[in-house]
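# Fold and geometry: a report
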Amino acid sequence: MNSFITTDELLLLAPEISMVALATLVIVLDLVTKKKSILNHVASWGLIIPILLSLNLLDGTSQYAFAGALRIDYFGVFFKLITLIATLITISISEKYSKKFDDYQGEYYALILLSATGMMLLASSVEFITIYIALELSALPLAALITFMRIKSSAESGIKFMILSALSSAILLYGMVLVYGFTGTTYIEDLSQIINKFLRGSEITFGGGALLLGIILITGGFAFKISSAPFHMWAPDVYEGAPTPITAFLSVASKAAGFAIILRIIYSVIYSTTGNPINQEIGIDWSILIAILSAISMTLGNLIAIQQTNIKRLFAYSTIAQAGYIMVGLAALSSLNGGQDDAGPGGILFYLFGYMLTNFAAFTVITIVSIHNNSDSISSYSGLLKKSRLLTLVMTISIISLIGLPPSVGFMAKIYIFGSAMDTGLQWLAVFGVLNSVISAFYYLKIIKIMLIDENKNSDPIKLSMNYYFISIGCAFGIVILGIFPGSIIEVAHRAIESIIY
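Read on for a plain summary of the structure. (Residues numbered from 1 in each chain as written. Predicted model: local features only at pLDDT ≥ 70, side-chain atom pairs only at ≥ 80, totals over all residues. Heavy atoms only, no water.)

It is worth spelling out the overall build of the protein chain at this point. On a plain count of helices and strands, the protein chain comes out with 21 helices and 2 strands. A globule of 502 residues ought to have a C-alpha radius of gyration of about 23 Å, and the protein chain, at 22 Å, matches this closely. C-alpha atoms of the protein chain, sized along the principal axes, occupy 75 × 55 × 40 Å. Sorting the 502 residues of the protein chain into buried and exposed places 61% on the buried side. For the protein chain, restricting intrachain contacts to residue pairs at least 6 apart in sequence, the fraction spanning at least 24 positions comes to 80%. A total of about 19100 Å² of accessible surface is found on the protein chain, and carbon and sulfur atoms cover 67% of it. Charge-centre separation for the protein chain: the mean point of 27 positive side chains lies 13 Å from the mean point of 29 negative side chains. (Helix = DSSP H or I, 4+ residues; strand = E, 2+ residues; numbered from the N terminus. Rg over C-alpha atoms; globule rule 2.2 N^0.38 Å. Buried < 20%, exposed > 50% of the residue type's maximum accessible area, 1.4 Å probe, protein only. Contact = heavy atoms within 4.5 Å. Areas by Shrake-Rupley, 256 points an atom, 1.4 Å probe, with all protein chains shown as cover. Lys, Arg positive; Asp, Glu negative; His and termini not counted. Charge placed at Lys NZ, Arg CZ, Asp CG, Glu CD.)

As structure tokens, this is what we get:
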């Protein structure tokens, strides 16, 4: 292959390049201006450029760049846009919150942009070394952002995230090394043909013990990134100690990037160029593994969430449970008769988009209440109805969607995900998911009860800036509209999945 970087390759990487340029601009402006509020506006409005550059890549074709390490397709662009929207909302809701670390606002916004750049690269990576570099680019800025509160809990959270992230990266890297040593390639799109050769006449899953161990280690490494049990131990403390907008960013963008690369690897390793499994036994074994992790995640997350008194810790366990729901779609992808049916993975993309709107609606309210009450306890939401009817309505709509009740996007997403499990022989997992949704209603509805019924001595009204007003209304409106008319996003999700069946 040509060893020189071409202009066409730079154009394919234009969204990521513009993100790095924007982060650099924010840092330079921070050095030359005393008016720190301008940094928020530059960072948020500047995201229009990478969004437009990403949309420009939606031409319906798949293109490779940098010796085949990156694949630019509809699937990758879909996740780039999710990351960019999540970044825009995170920066917007940080407008007032970032005043808590006024001297470091430039670094704060730049690190968010750089972390998002890594997640965007991850969505298009099809080679192990590139995947690892993109993961580290997304994780290292997050480790710094988590400690920005400069208090004991924040420092502890940052250290825990750094240590466990390094451990998971080491596990992931070791798994990649084993796969490379066994197959002789670091390109995930070449793995299916190579593994298929080893499968002939072998009684061992994936054709060899070393290769099987490598696949298991890679699965464990990515399970950490999506906060799936039993690799979830970092999430509660990190969510509690991190700045609230960063907690929201972690819960949405990081999870979306993790599922993006997991889907790419599953399609590459298990499926052939026609979209059919290269070996039915691999599909069944993979399905069982993911289904077990899914059941553990949703059950553990929901049961422990019931005991929480801190709203951010509650949402940490909630996001673990949500990872379990999303993994139902992964299990359906590779189960008994899932073959060419993309309902499972299509449901994952639809679920992630709806989850983005739902979680950001909730975290916008959490950020505002945290600033107003200087507390993240669930009890601080008592009497919120008298302080702000709008915030109460937005949080209620978000909770309805998280539970999975109509007419919300969460309801349609769960119908889609659980339906794919029913269609592919995983009825028990679908029933498990429905039961866990019922369990989750206990702690979610408790928040609504506290907001509507409980009294609070402090009844000072909460005033919203335009940023918070627009985001909260926009997310709540999206939750309801996509719950009633989900067709457009479902169609986009299916098209994205079809683009990686190469």
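Still more to cover.
This part is about helix α17 (residues 389–403). The α-helix winds at 3.6 residues per turn, so residues separated by three or four positions along the chain end up facing the same way. With 15 residues, α17 extends 21 Å from end C-alpha to end C-alpha; this agrees with the ideal 21 Å at 1.5 Å per step. Where burial is concerned, most of α17 is hidden: 12 out of the 15 residues are buried. All buried positions along α17 are accounted for by Leu390, Leu391, Thr392, Val394, Met395, Thr396, Ile397, Ser398, Ile399, Ser401, Leu402 and Ile403. Looking one or two residues past α17, Gly404 carries a phi angle of roughly 100 degrees, positive in sign. (Expected span 1.5 Å × (residues − 1).)

Which parts of space are left empty comes out when a probe the size of a water molecule is rolled across the atoms. One pass over the full model with this rule turns up 4 cavities of 30 Å³ or more. In this structure, the largest cavity occupies an estimated 190 Å³ of space. In terms of lining, the largest cavity is formed by 18 residues, of which the most central are Ile218, Thr219, Phe222, Ile262 and Trp286. The greatest single-element share of the lining of the largest cavity, amounting to 5 residues, is contributed by helix α10 (residues 209–225). Looking at side-chain class alone, the lining of the largest cavity contains 17 nonpolar, 1 polar and no charged residues. Its boundaries defined by the atoms lining it, the second largest cavity holds a volume of some 130 Å³. Residue lining of the second largest cavity: 14 residues in total, with Leu135, Ser138, Ala139, Lys225 and Ser254 positioned closest to the centre. (1 Å grid on protein atoms, 1.4 Å probe; cavity = no way out; pocket = protein on both sides within 12 Å on 5 of 7 lines; lining within 4 Å. Points joined across faces, edges and corners; volume = space filled by probe spheres on them. Nonpolar A, V, L, I, M, F, W, Y, C, P; charged D, E, K, R; others polar.)

With that settled, the discussion passes to the nonpolar core. Counting residues in hydrophobic clusters, the biggest one holds 162 residues, and the most contacted among them are Leu349 and Tyr381. Discounting residues that sit within four places of it in the chain, Leu349 has contacts with Phe75, Phe78, Phe79, Leu263, Ala493, Ala496 and Ile497. (Core = buried A, V, L, I, M, F, W, Y, C linked by side-chain atoms within 4.5 Å.)

The subject of this paragraph is the pattern of salt bridges. One pass over the full model with this rule turns up 8 salt bridges. Notably, a salt bridge pairs Lys36 with Asp30, separated by 2.7 Å at the nearest N-O pair. With respect to burial, Lys36 and Asp30 carry one shared label: buried. Across the pair Arg313 and Asp237 runs a salt bridge, and its minimum N-O distance is 2.7 Å. One end of the pair, Arg313, is in helix α14 (residues 311–333); the other, Asp237, is in helix α11 (residues 235–241), with 76 residues separating them in the sequence. Linked through salt bridges whose partners overlap, the residues forming this network are Lys160, Asp237, Glu240 and Arg313. (Salt bridge = Lys/Arg side-chain N within 4 Å of Asp/Glu carboxyl O.)

All right, on to the packing of aromatic side chains then. The way to describe two aromatic rings as a pair is by their centre distance and the angle between their planes. Counted by the stated rule, this structure contains 12 aromatic pairs. Ring geometry for Tyr108 versus Tyr109: centroids 5.2 Å apart, planes at 75 degrees, classification edge-to-face. The residues Tyr108 and Tyr109 share a single accessibility class, namely buried. A ring pair is formed by Phe350 and Tyr416, whose centres lie 6.5 Å apart and whose planes are at 65 degrees; its orientation type is edge-to-face. Separated by 66 residues along the polypeptide, Phe350 in helix α15 (residues 343–373) and Tyr416 in helix α18 (residues 409–423) bring together distant segments of the chain. Residue classification places Phe350 among the buried residues on the basis of a relative accessible area of 1%. A relative accessible area of 23% places Tyr416 in the partly exposed class. Cluster of aromatic residues (ring-pair linked, three or more members): Phe161, Phe224, Trp234 and Tyr239. Above the face of the Tyr325 ring, Lys414 is positioned so that its terminal group lies 4.1 Å from the ring centre. (Phe/Tyr/Trp six-rings, centres within 6.5 Å; stacked < 30°, edge-to-face > 60°. Lys NZ or Arg CZ within 6 Å of the ring centre and 35° of its normal.)

Taking 1.5 Å as the rise per residue, helix α2 (residues 14–32) with 19 residues should run 27 Å; its terminal C-alpha atoms sit 27 Å apart, in good agreement. Within the sequence span of α2, burial applies to Ala14, Pro15, Glu16, Ser18, Met19, Leu22, Ala23, Val26 and Asp30. Elements in contact with the buried residues of α2: α1 (7–12), α3 (37–46), α4 (48–55), α5 (74–97) and α6 (105–124).

Read these as geometric descriptors, not functional statements.
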